[in-house]
Amino acid sequence: MVDLSNFVPEDVIEDIRNANDIVDVISDYVQLNKQGRNYFGLCPFHDEKTPSFSVTQDKQIFHCFGCGKGGNVITFLMELEGLTFIETIKYLADRRGIELPQSIVQTTKTQATSSDEQILSAYKWLEKLYHYLLRFAKDGQEGKEYFAKRGLTNETIDLFKLGYAPNQKTFTASFLEKKGFHLQQLQKAGILINKSNGETIDRFYGRVIFPIRNHLGVIVGFGARSIDKQAPKYLNSSESQLFQKSKLLYNFDLAKKHIRKENEAILFEGYMDVISAYQAGIKNVIATMGTSLTESQARLLRRYVETVIICYDSDEAGIEATYRAAHLLEQVDCHVKIAVLKDGFDPDTYIQTYGGDNFINKVLQPSETFMSFYMRYLKKDFKLQSKSDQLRYIQTVLKEIAKMNSSIEREYYLKVLASEFNITLESLNQEIKTFLKTNQDQQDNRKKDSYTKKATHFYQQKRLLPAYHNAERQLIVYMLQDRTITDKVKEELGVAFNIDQHKIIVTHLYAYYEEGHPPDISLFIEKLEDESLKHLVAEITMTSPVYEVSSDEIKDYIRIIREEYEDVSYINKLKKEQKMAEQQNDPLTAAKIALKIIEQQRK
Ligand SMILES: [Zn+2]
């Protein structure tokens, strides 16, 4: 296979890397907190509740102490997004408005021949077509009127690229055919439908269209709503590898930066809720795809933000869904708040009726905590006039209160419970103890396999490494930062390192400097092809302390490494002699050599 990375000139890659700060790029995926020189967050490569994922800005690299992944900004995107090298370069260039040489743009184009790319390209064309029709054509008039009635401005319609699929069943198919698409492929993708009479028709005809973009802003499907009596009322693109409702969040690409800024995400149920709120200036808003929140969506959100405000419809189904979503978010350690709407309203109708300011001040601001919501929500299952039901209700609430981490919060809700049911706080405190105990035990068990523990273990293990192993790691850190040190090591040791992987790393490093590259850990990682080596270099440089180093210290490291190396090769030499003596039937010499080996190993 042709190595496509050869097509991108090095200075271009360098420019792109320099323009995309690793902390900035990773912050698009992970909420990072600064601790000392490094940033920490929840690892996007494995599930965890305590952060073991770290990023160093001055070295432009990341490393996870939990799963061992590490590398630079390009590795990060390639691994997380499953992009090729060229795709990553293109994405990072776009991100910073860097223009790529025409040859590279061409390369990406010729690559795009897979059926997924065909489908994505069909969506792009259709998005443009439907949007154009809605805004400017007679065929889109009905859609235009619908959105006008729902209070959307042209600016909003343009931003969300809302559209209308005309009420002519074969219009889309012939449009796409003229553009050179294979209709069969689009049928398979569920964009077109093949009727029994042989006609190929538009899946979405006669509906307003909500393009759905993934977190990178690439359109991967449509949500559609009928505006007459056509059933079903809502219709989505069919489920596929590209369009997975359980993983997508509507508007996540636009909302991301606002979520980060506000430190809060507002979760809705419907596309129109998101669009109305956005138009009203509330921009940290997202929605599920007409389905309940899933665990993977909850985890995705948690990586970005701690606080999530759930704002669903105020009907019974909405309240049920709120409870389920809140519960899921609590389980992944989100701080959940619940915004309650007046009876009969959904967020969209509320904003249309009372405006965005009222929505902020009267709905979002007074959001309830999960516990207050839960205490209210739970009441529907009990007949609270009856004493026995009261007791059962109190027990159920206590169980939930016991799960809270903060004792101040627990105390607060116990007081609420005490005053509501006219019980003493002491008896409630007594009662909750048994639940607290069970939770404590469970927590202890959970902690046993937590990654924090693994990280500590990891450090301890490192400290227990033999001196020569640590010396090699430390020396590599200095070599990565200083060419003179590298030259000295090359002269004195060459590749006589004891750990095989270290040997490979220094070999690459010598070549790296010889090619005239400056000391730059991130760039060096870039040049390594082997995944495990990338991870190892990131790990070594993240875990080894860096301070000014004296030439004596460097000499020391070299000495330790050489002695081990020489010992090992001396022993190997002795072992060979021993074997030879055995083969020549000379047991006395063999025994003498064996003694020497033991002596040497004791040293
Ligand atoms: Zn990890």
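Since the model is a prediction, treat every value here as computed from it, not as a measurement.

A.B. asks: Looking at this structure, I do not really get the pattern of salt bridges. What am I missing?
C.D. replies: Close approach of charged atoms lets side chains of opposite charge pair. Inspection of every chain in the model, using the stated rule, returns 27 salt bridges. Between K527 and E10 there is a salt bridge, and its shortest N-O distance comes to 2.8 Å. Of the two residues, K527 is situated in helix α24 (residues 521-527) and E10 in helix α1 (residues 10-19); the sequence distance between them amounts to 517 residues. The shortest N-O distance in the salt bridge between E539 and R473 comes to 2.6 Å. Residue E539 is located in helix α25 (residues 531-543), and its partner R473 is located in helix α21 (residues 467-481); the two are separated by 66 residues in the primary sequence.

A.B. asks: Hey, could you run me through the domain arrangement of the protein chain in this one?
C.D. replies: When the domains of the protein chain are assigned, the result is domain 1 (4-111), domain 2 (115-243), domain 3 (247-376), domain 4 (382-454) and domain 5 (462-597). Computed over C-alpha atoms only, the centres of domain 3 and domain 4 are separated by 26 Å. Counting residues at the interface gives seven residues for domain 3, matched by nine residues for domain 4. Between domain 3 and domain 4, roughly 720 Å² of surface is buried when both sides are summed, and carbon and sulfur atoms account for 69% of that area.

A.B. asks: Mind showing me how you'd approach the nonpolar core here?
C.D. replies: Most often, soluble globular proteins have nonpolar side chains that are buried together. The biggest cluster of nonpolar side chains holds 80 residues, and the ones touching the most others in it are F53, L329, Y393 and L417. When residues in this core are grouped by element, the largest group, seven residues, is from helix α16 (residues 370-378). Setting aside anything within four residues of it in sequence, one finds L417 in contact with M375, Y393, I394, V397, L398, I401 and L428. Among the nonpolar cores identified, the runner-up in size contains 38 residues, and V274, C311, I351 and L364 belong to it.

A.B. asks: Help me out: how do you make sense of the pairing of strand β4 (residues 61-64) in this one?
C.D. replies: Along any regular strand, the residues point their side chains to alternate faces of the sheet. Every second residue of β4 is oriented toward a common face, with I61 and H63 on one face and F62 and C64 on the other, all of them buried. Here strand β3 (residues 53-56) runs beside β4; their pairing, made up of four bridges, is antiparallel. Its bridge partner being in β4, F53 is matched across the sheet by C64. From the end of β3 to the start of β4, which pair antiparallel, there are four residues, and Q60 there has a positive phi angle of about 60 degrees. Relative to strand β5 (residues 70-71), β4 is paired through two bridges, and the arrangement is antiparallel. Following the sheet pairing, F62 is matched in β5 by G71. Counted along the chain from β4 to the antiparallel partner β5, the turn is five residues long, and its residue G68 has a positive phi close to 85 degrees.

A.B. asks: It is not clear to me how the environment of D530 should be interpreted in this structure. Could you clarify?
C.D. replies: Checked against the element boundaries, D530 lands in the loop between α24 and α25. For the pair D530 and E177, spaced 353 residues apart in the sequence, the C-alpha separation amounts to 44 Å. A distance of 2.5 Å separates the side chain of D530 from the side chain of S532, its partner in a polar contact.

A.B. asks: Mind showing me how you'd approach the sheet that holds strand β13 (residues 285-287) here?
C.D. replies: By definition, the strands of a sheet pair up through backbone hydrogen bonds, in either a parallel or an antiparallel sense. Strand order across the open sheet formed by five strands is β13-β12-β14-β15-β16, with mixed pairing between neighbours. Each edge of the open sheet carries a strand with a single partner, namely β13 and β16 (368-369). Sitting on the sheet, helix α11 (residues 252-262) is in contact with β12 (264-268) and β13, with an inclination near 135 degrees to β13.

A.B. asks: Explain α21 to me, please; I cannot follow it from the model alone.
C.D. replies: The α-helix winds at 3.6 residues per turn, so residues separated by three or four positions along the chain end up facing the same way. The terminal C-alpha atoms of α21, which comprises 15 residues, lie 22 Å apart, in line with the 21 Å expected from a rise of 1.5 Å per residue. The element α21 is largely enclosed, with a buried count of 11 among its 15 residues. Taken together, the buried positions of α21 are occupied by H469, A471, E472, R473, Q474, L475, I476, V477, Y478, M479 and L480.

A.B. asks: When you look at the coordination of the zinc ion in this model, what are you seeing that I'm missing?
C.D. replies: Perfect tetrahedral coordination of a metal by four donors corresponds to 109.5 degrees between them, and perfect octahedral coordination by six donors corresponds to 90 or 180 degrees. Protein-derived ligands of the zinc ion are C43 (SG), H46 (ND1), C64 (SG) and C67 (SG), with the metal-ligand distances lying across 2.1 to 2.3 Å. Taken together, the four donor atoms surrounding the zinc ion define angles of 102 to 119 degrees at the centre, an arrangement classified as tetrahedral. For C43, a relative accessible area of 3% corresponds to the buried category.

A.B. asks: Teacher, can you tell me more about the packing of aromatic side chains here?
C.D. replies: Here the distance between the centres and the angle between the planes together describe a pair of aromatic rings. The final tally for this structure, using the stated rule, is 34 aromatic pairs. Residues F53 and F76 carry aromatic rings whose centres are separated by 6.2 Å and whose planes lie at 50 degrees to one another, so their mutual orientation is tilted. Taken together, the residues span a long stretch of sequence, with F53 in strand β3 and F76 in helix α3 (residues 73-81) at a distance of 23 residues. The two residues F53 and F76 agree in class, both being buried.

Conventions used here
Residues numbered from 1 in each chain as written. Predicted model: local features only at pLDDT ≥ 70, side-chain atom pairs only at ≥ 80, totals over all residues. Heavy atoms only, no water. Salt bridge = Lys/Arg side-chain N within 4 Å of Asp/Glu carboxyl O. Helix = DSSP H or I, 4+ residues; strand = E, 2+ residues; numbered from the N terminus. Domains from an automatic or database assignment. Contact = heavy atoms within 4.5 Å. Buried area = accessible area lost by both parts, 1.4 Å probe. Core = buried A, V, L, I, M, F, W, Y, C linked by side-chain atoms within 4.5 Å. Buried < 20%, exposed > 50% of the residue type's maximum accessible area, 1.4 Å probe, protein only. Pairing = 2+ DSSP bridges. Polar contact = N/O pair within 3.5 Å; in protein donor to acceptor, adjacent residues only side chain to side chain. Axes fitted to C-alpha atoms, helices over the stretch in contact; angles between N-to-C directions. Expected span 1.5 Å × (residues − 1). Donors = N, O, S within 2.8 Å, 3.2 Å for Na, K, Ca; no water. Tetrahedral: all angles 85-135°; square planar, octahedral: opposite > 155°, others 65-115°. Phe/Tyr/Trp six-rings, centres within 6.5 Å; stacked < 30°, edge-to-face > 60°.

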